[in-house]
Amino acid sequence: MEQLSFFEHDENDLSVLADVLDYLPAMFTKAVGDHYLAHFIKSVPWQQRSVLMYGKEVMTPRLTAWYGDVDADYSISGSNATPLPWTDELLEIREKVITQSGFNFNTVLLNYYRDGNDSVSWHDDQDNIPGRNQIVASVSFGQERMFDIRQKKNHAVKYSIPLPNGSYLLMKGRFQDDWQHRIDKSKHQMKPRINLTFRISNTRIISSNLSP
Ligand SMILES: O=C(O)CCC(=O)C(=O)O
Ligand SMILES: [Fe+2]
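Residues numbered from 1 in each chain as written. Chains lettered and ligands numbered in written order. Predicted model: local features only at pLDDT ≥ 70, side-chain atom pairs only at ≥ 80, totals over all residues.

S.K.: Would you mind showing me how to read the pairing of strand S2 (residues 50-53) here?
M.R.: Moving residue by residue along a regular strand, the side chains alternate between the two faces of the sheet. The pairing of S2 with strand S3 (residues 56-59) spans four bridges and is classified as antiparallel. Paired with Val 51 across the strands is Val 58, a residue of S3. Counting the residues between successive antiparallel strands, the hairpin from S2 to S3 contains two residues, one of them, Tyr 54, with a positive phi of roughly 50°. (Pairing = 2+ DSSP bridges. Helix = DSSP H or I, 4+ residues; strand = E, 2+ residues; numbered from the N terminus.)

S.K.: How do you make sense of the nonpolar core when you look at a structure like this?
M.R.: Generally speaking, a soluble globular protein has its nonpolar side chains buried in company with each other. If you look at the biggest cluster of nonpolar residues, it comprises 37 residues, and the most contacted ones within it are Leu 21, Val 108, Ala 137, Val 139, Leu 169 and Phe 198. When neighbours within four sequence positions are excluded, Val 139 is seen to be in contact with Met 27, Ile 93, Val 97, Tyr 168 and Leu 196. (Core = buried A, V, L, I, M, F, W, Y, C linked by C-beta atoms within 7 Å. Buried ≥ 20, exposed ≤ 12 C-beta atoms within 10 Å, placed from the backbone. Contact = placed C-beta atoms within 7 Å.)

S.K.: Can you help me understand the sheet that holds strand S1 (residues 21-24) in this one?
M.R.: Strand pairing within a sheet occurs via backbone hydrogen bonds; the two strands may be parallel or antiparallel. An order of S1-S12-S9-S14-S7-S4 is seen for the six strands of this open sheet, with the pairing classed as antiparallel. Sheet topology places S1 and strand S4 (63-68) at the edges, where each strand pairs with a single neighbour. Adjacent strand axes in the sheet meet at a mean angle of 15° when their direction is disregarded. With six bridges connecting them, S4 and strand S7 (residues 107-113) associate as antiparallel partners. Following the sheet pairing, Leu 63 is matched in S7 by Tyr 112. Sitting on the sheet, helix H2 (residues 88-101) is in contact with S4, S7, strand S9 (136-142), strand S12 (167-171) and strand S14 (193-199), with an inclination near 130° to S9. (Axes fitted to C-alpha atoms, helices over the stretch in contact; angles between N-to-C directions.)

S.K.: Explain the sheet that holds strand S13 (residues 179-183) to me, please; I cannot follow it from the model alone.
M.R.: Ordered in space as S8-S13-S10-S11, the four strands form an open sheet in which the pairing is antiparallel. Both edges of this open sheet fall to strand S8 (120-123) and strand S11 (158-163), since each of them pairs with a single strand only. Averaged over all adjacent pairs, the angle separating strand axes in this sheet is 15°, with direction ignored. Pairing of strand S10 (residues 145-151) with S11, which is carried by six bridges, proceeds in the antiparallel orientation. What sits directly across from Ile 149, in S11, is Tyr 159.

S.K.: Help me understand the pairing of S9 in this model?
M.R.: Buried residues dominate S9, accounting for seven of its seven residues. Taken together, the five bridges between S9 and S12 define a ladder with antiparallel strand orientation. Looking at the pairing, Ala 137 lines up with Leu 170 of S12. In the sheet, S9 pairs with S14 via seven bridges, with the strands oriented antiparallel. If you follow Gly 142 over to S14, its bridge partner there is Arg 193.

S.K.: Looking at this structure, how should I read the environment of Ala 156?
M.R.: For Ala 156, the position within the fold is in the loop between S10 and S11. For the pair Ala 156 and His 35, spaced 121 residues apart in sequence, the C-alpha separation works out to 38 Å.

S.K.: Explain helix H1 (residues 30-43) to me, please; I cannot follow it from the model alone.
M.R.: Because each turn of an α-helix spans 3.6 residues, side chains separated by three or four positions end up pointing in the same direction. Over its 14 residues, H1 runs 20 Å from end to end, which matches the ideal 20 Å to within 8%, given 1.5 Å per residue. Taken together, the buried positions of H1 are Gly 33, Tyr 36, Leu 37 and Phe 40. Take H1 and look down its axis: the buried residues cluster within an arc of 105°, on one side only. Residues of H1 that are exposed and point over 90 degrees away from its buried face: Ala 31, Lys 42 and Ser 43. Elements in contact with the buried residues of H1: H2, S7, S9 and S14. (Expected span 1.5 Å × (residues − 1). Arc of directions from axis to C-beta.)

Structure representation (C-alpha cells):
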C-alpha cells in the first residue's frame, strides 16, 4: 500500500511531523468504513466513563470500550479493567494495522463520538510509560473530524489533520513526548464517528488517557 503524505501538499513546513506521524487517508474504502461504523455502534457495549478533575467526577464527553488480549492485566485510571476479548472485526482491522505499521498491537481503545458535542481534550498517550516511545495506531470510521496537535513546549505550534472515514494515522517516535492531541467539539452538525487506537501493553498495565 502506498504511503501517502499530507505533508507534501502544505505550504507550511510540516516536515517535523514526518518523523512522528504516518498517514493514510484511505486504508479502508468508504463502503467498508460505513460497514464498520454501523457494526461497532450497535455491537459494542459502550460505556461513558468518569474521570476525577480537581477532585470532582466529570463524565467523559464520548463513549469508550477496551478490547485486547484477555491474559493481560490492565488498569484504567487507577481502576482495574479486564479488556473485552477480540472480535472477528477487530482482529481483521488489527491485521491490516500490523501489516501496515510493523508493530504488534495487543490492545485497542474504542471511542465513539456521537455528535459535535463529543470530544477528547488535549492530552498525550504516554500510557504510564514515560520515556519510552509509545507507538499508537489510530483508525477512524464515519464522520470526518479534525485531529489537532500542538507542541508541548510551545502551544502556538499547532496543526490540524483531517481524519476521514477509513483513515489511518500512526503516532510514533517522539510524538507522545513532544506533542499533545485532541478532537475538539464542533458547532457544525456532526454525524457519528468511531476511532480505534491500537496500543502495545508490555507492562500489562495501561493507564488510559481519560481526558475530559
Ligand atoms: O479520536 C481520536 O482520533 C483520538 C482519540 C484519542 O486521542 C485517544 O483515545 O487517546
Ligand atoms: Fe490520544
